[in-house]
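Chain by chain, the residues:
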Amino acid sequence: KARNNAEKRGYHNVEFRQGDIEKIPISANIADVVVSNCVMNLVPDKPKAFSEVYRILKPGGHFSISDIVLTGELPERIKNAAEMYAGCVASAILKDDYLQIIKDAGFKNLTLQKEKAIIIPNDILKDYLNEEEIEVYNSNKNIIYSITVYGEKQASCCEPNCC
């Protein structure tokens, strides 16, 4: 479908490959930009996935990734709910841990381009929590966030103190 849409619109500077994000079927240092929308969050081995993004980016390349992160703990019944997993909530990790994984992969110049609280309405929460649990959950104030992160793979450098 993606290939057909690109062809219909005359986009000849894109390429689509099927593969696993923890083992991207692309050579190292080949991509200028990597974009992702709520995918890294679902990957079991997030450090491996970010190291793959780093591997395929050219020196000087960058990524822009939108995802769901947490600033606190989710109740177990929300973590284990298929609907919450499909909505990228159940597999979310703490924001600080998420950003540290990106740094550990080697990315520089990280910028949080967007950060927005995600509020789960009580009528959805009641499918997973009782009234008391809903009250406790809501008292924690904005546990779930949608973020967009930008980061760069440092360009090659031959100067002292560059790397």
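Chains are numbered independently. Their residues run from 1 in the order of the written sequence. Restriction of local features to residues with pLDDT of at least 70 applies here, the model being predicted, together with a cutoff of 80 or more for giving and counting side-chain atom pairs; totals for whole chains, interfaces and linings are based on all residues. To obtain the side-chain values, all non-hydrogen atoms of the structure were used and water was disregarded.

Visitor: Let's hear about the state of the cysteines: which residues, and what values?
Guide: Defined by distance alone, a disulfide is two cysteine sulfur atoms within 2.5 Å. If you walk through the whole model with that rule in mind, you get one disulfide. With a sulfur-sulfur separation of 1.9 Å, C38 is cross-linked through a disulfide to C88. A residue pair is termed long-range when its members are at least 10 positions apart, and C38 in the loop between strand 1 (31–37) and helix 2 (46–56) and C88 in the loop between helix 4 (82–86) and helix 5 (95–104) qualify at 50 residues. For the residue pair C38 and C88, the accessibility class agrees, reading buried in each case. Numbering of helices and strands runs from the N terminus, with a helix taken as a DSSP run of H or I at least four residues long and a strand as a DSSP run of E at least two residues long. Exposure is judged per residue with a 1.4 Å probe applied to protein chains only, and the accessible area is read against the type maximum: over 50% gives exposed, under 20% gives buried, and values in between give partly exposed.

Visitor: I'd like to hear about the packing of aromatic side chains, residue by residue, with values.
Guide: Side-chain rings of Phe, Tyr and Trp (the six-membered ring for Trp) are treated as a pair once their centres are within 6.5 Å; stacked means planes under 30 degrees apart, edge-to-face means over 60, and tilted covers the remaining angles. As enumerated under the stated definition, the model contains four aromatic pairs in all. Ring geometry for Y54 versus F107: centroids 5.1 Å apart, planes at 80°, classification edge-to-face. Here the residue Y54 occupies a position in helix 2, and F107 occupies one in the loop between helix 5 and strand 3 (108–118), the gap between them amounting to 53 residues. Residue Y54 is classed as partly exposed on the basis of its relative accessible area of 24%. Residue classification places F107 among the buried residues on the basis of a relative accessible area of 3%. Across the ring face of Y54, the terminal group of K153 is positioned such that the distance to the ring centre comes to 4.8 Å. Consider the ring centre and the ring normal. A charge sits over the ring if Lys NZ or Arg CZ is within 6 Å of that centre and within 35 degrees of that normal.

Visitor: Account for the confidence of the model for the protein, naming residues and giving values.
Guide: Overall, the predicted model of the protein reaches an average pLDDT of 90, with 96% of residues at or above 70. Looking at any residue, its pLDDT shows the predictor's confidence there, from 0 to 100. In the model of the protein, helix 4 stands out as the element of lowest mean pLDDT, 81, in contrast to helix 5, which has the highest, 98.

Visitor: Would you mind going over the nonpolar core in detail, with residue names and values included?
Guide: Remark: nonpolar core denotes a set of buried residues (Ala, Val, Leu, Ile, Met, Phe, Trp, Tyr, Cys) joined through side-chain atoms within 4.5 Å. Membership of the largest hydrophobic core comes to 22 residues, with the highest contact counts inside it found for F50, V53, F63, Y98 and I102. Those elements giving two or more residues to this core turn out to be strand 1, helix 2, strand 2 (57–70), helix 5 and strand 4 (144–152). Aside from chain neighbours lying at most four places away, what touches I102 is F50, F63, F107, L110 and V149. Core analysis: the second largest hydrophobic core is formed by 19 residues, I68, I78, Y137 and I143 among them. In this analysis, two residues are considered to be in contact whenever any of their non-hydrogen atoms come within 4.5 Å of each other.

Visitor: Give a description of the pairing of strand 4 that names residues and reports values.
Guide: The element strand 4 is extensively covered by neighbouring structure, given that eight of its nine residues are classed as buried. Whether two strands pair depends on DSSP finding at least two bridges between them. Two strands pair when backbone bridges link them, and strand 2 and strand 4 are joined in this way by nine bridges, in the antiparallel orientation. In the strand pairing of strand 4, V69 is matched with Y145. Relative to strand 4, strand 3 runs antiparallel, the two being bridged by eight bridges. Bridge assignment links I118 to a residue of strand 4, and that residue is I144.

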